[in-house]
Amino acid sequence: MNVLKLIRWKNLLMIALVQLLIKYALLEPFGVSTSLDSLGIILLILASISIAAAGNIINDINDIETDSVNKPDKIIVGKSISEKTAYNLFIILNLIGVGIGFYLSHNINRAPFFSIFVIISVLLYVYATYLKRTLLIGNIIISILVALSIIIVGVFELLPSITPSNQQTQVLFFKVILDYALFAFIINLLREIAKDIEDIDGDYKAGMNTLPIAIGRERAKIVLVILNFIPLAGIIHYIISNLYKQQIAVGYFLIFIIAPLIYICIKTFSAKLKKEIRHISNMYKLVMLFGMLSLLLYLFILS
């Protein structure tokens, strides 16, 4: 159980779910030309969650000082699992992820795609050891990596299968994947800022330069509320432009995306206690989950 907590199995499960939904709810039902069979998508998921798990481990190793203040009851490295064991797991999981990435890239005759796995692995290490201490850059980098976990499915499934006859369809579905990646990037960025507000005490002690430390907790909350209107406006525009005739889809987005984002805005203004900020962070995670589950709606939207 301690290992599962260390690798943040719930977050890994979401990565796996999203990649499966893209494959089996978005691409397969509409006969889109793809490059990976069932084993291939399983290997892609395994590579993705292995590298993500390794990133979570190195993050916890470097967060021992801040976690001792922010969440002393949830410390695993150095308590339930030794730092040496955690480092060994970090190395093993990276080797598994990058190794599978190497195999997959050559299997679809796109050897350069292997570099994506290496770049993600390196960026997760650099984020954990340095970038997360810098103002907003760390937040942006980790949000880009979250978006990449979605884009990588399109890269491996659609790009190698493009032909002159199917190019228009392949590009259309790749754009849909990019839309979801952009949504994931924005929501994760907002959640990262919320987590920084929650963890301000421990981060300050560790000498980090997060947004709440740089401008203060209250100003950071105002920035979070303002930024929250970006996904709100984007989803409303998307509904008006593409879904206005699809009542089920409109209802879904109103109830599970727009309403929670409005709720988050209201709660952020009034939040004072650490547990209230944590609640906001968890709400962003729910919005992310429901946003990804909306991939199931394409059977109605495109039918």
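Residues numbered from 1 in each chain as written. Predicted model: local features only at pLDDT ≥ 70, side-chain atom pairs only at ≥ 80, totals over all residues. Heavy atoms only, no water.

S.K.: Describe the overall build of the chain, and please don't skip the residues or the numbers.
M.R.: Summing up its helical and strand segments, the chain has 14 helices and zero strands in all. The order of helices and strands in the chain, counted from the N terminus, is α-α-α-α-α-α-α-α-α-α-α-α-α-α. The globule rule puts the C-alpha radius of gyration for 303 residues at 19 Å, and the 20 Å found for the chain is close to it. Along the first, second and third principal axes, the C-alpha atoms of the chain reach 60 × 45 × 30 Å. Across the 303 residues that make up the chain, the buried fraction comes to 50%. The contacts in the chain between residues at least 6 apart in sequence include a share of 75% that link residues at least 24 apart. As displayed, the chain offers around 14500 Å² of accessible surface, 67% of which is attributable to carbon and sulfur atoms. (Helix = DSSP H or I, 4+ residues; strand = E, 2+ residues; numbered from the N terminus. Rg over C-alpha atoms; globule rule 2.2 N^0.38 Å. Buried < 20%, exposed > 50% of the residue type's maximum accessible area, 1.4 Å probe, protein only. Contact = heavy atoms within 4.5 Å. Areas by Shrake-Rupley, 256 points an atom, 1.4 Å probe, with all protein chains shown as cover.)

S.K.: Describe in detail the confidence of the model for the chain, supporting the description with residues and values.
M.R.: For any part of a model where pLDDT is low, the fine detail of the predicted coordinates should not be relied upon. On average, residues of the chain score 93 in pLDDT, and 99% of them are at 70 or above. Predicted confidence in the chain is weakest over helix 14 (residues 298-301), with a mean pLDDT of 78, and strongest over helix 7 (residues 137-157), with 97. (pLDDT = per-residue confidence, 0-100.)

S.K.: Explain helix 5 (residues 83-107) residue by residue, including any values.
M.R.: For helix 5, which comprises 25 residues, the first-to-last C-alpha distance of 36 Å matches the rise-based estimate of 36 Å (1.5 Å per residue) to within 8%. If you check which residues of helix 5 are buried, you get A86, F90, L93, N94, G97, V98, I100, G101, L104 and S105. The first or second residue beyond helix 5 is N109, which carries a positive phi of 60 degrees. (Expected span 1.5 Å × (residues − 1).)

S.K.: Just give me the short version of the side chain of D199, but keep the residues and values in it.
M.R.: Inspection of the secondary structure assignment puts D199 in the loop between helix 8 (167-198) and helix 9 (200-205). This buried residue, D199, is left without a salt bridge; K274 holds the nearest opposite charge, at 4.6 Å. For D199, the contacting residues outside a window of four places in its chain are N70 and K274. (Lys, Arg positive; Asp, Glu negative; His and termini not counted. Salt bridge = Lys/Arg side-chain N within 4 Å of Asp/Glu carboxyl O.)

S.K.: Which residues make up the pattern of salt bridges, and what values do they have?
M.R.: Scanning all chains against the criterion turns up eight salt bridges. Notably, a salt bridge pairs K23 with E157, separated by 3.0 Å at the nearest N-O pair. Separated by 134 residues along the polypeptide, K23 in helix 2 (residues 9-27) and E157 in helix 7 bring together distant segments of the chain. Each member of the pair, K23 as well as E157, is classed as buried. R278 serves as the salt-bridge partner of E198, at 2.9 Å between the closest nitrogen and oxygen.

S.K.: An account of the nonpolar core is needed here, citing residue identities and associated values.
M.R.: Counting residues in each nonpolar core, the largest one holds 81 residues, and the members touching the most others are I22, L26, L44, I150, F156 and Y284. Among the elements that line this core, the one with the most residues is helix 8, at 16 residues. Filtering out sequence-adjacent residues up to four positions away, L44 remains in contact with Q19, L36, L104, F117, I152, V153 and F156. Counting residues in each nonpolar core, the second largest holds 17 residues, with L6, A53, A54 and V77 among its members. (Core = buried A, V, L, I, M, F, W, Y, C linked by side-chain atoms within 4.5 Å.)

S.K.: Outline the packing of aromatic side chains, listing residues and values.
M.R.: In this description, an aromatic ring pair is defined by two values, namely the gap between the centres and the angle between the planes. By the definition in use, this model includes 10 aromatic pairs. Ring centres of Y252 and F253 lie 5.9 Å apart, and the angle between their planes is 80 degrees; this geometry places the pair in the edge-to-face category. A relative accessible area of 15% means that Y252 is categorised as buried. Each member of the aromatic cluster is reached from another via a ring pair, and the members are Y238, Y252, F253, F256 and F290. (Phe/Tyr/Trp six-rings, centres within 6.5 Å; stacked < 30°, edge-to-face > 60°.)

S.K.: So what's going on with the side chain of T268? Which residues, and what values?
M.R.: Here T268 is to be found in helix 12 (residues 247-270). Here T268 falls in the buried class, since its relative accessible area comes to 2%. Contacts of T268, omitting those with residues within four sequence positions, involve K221, L224, V225 and I280.

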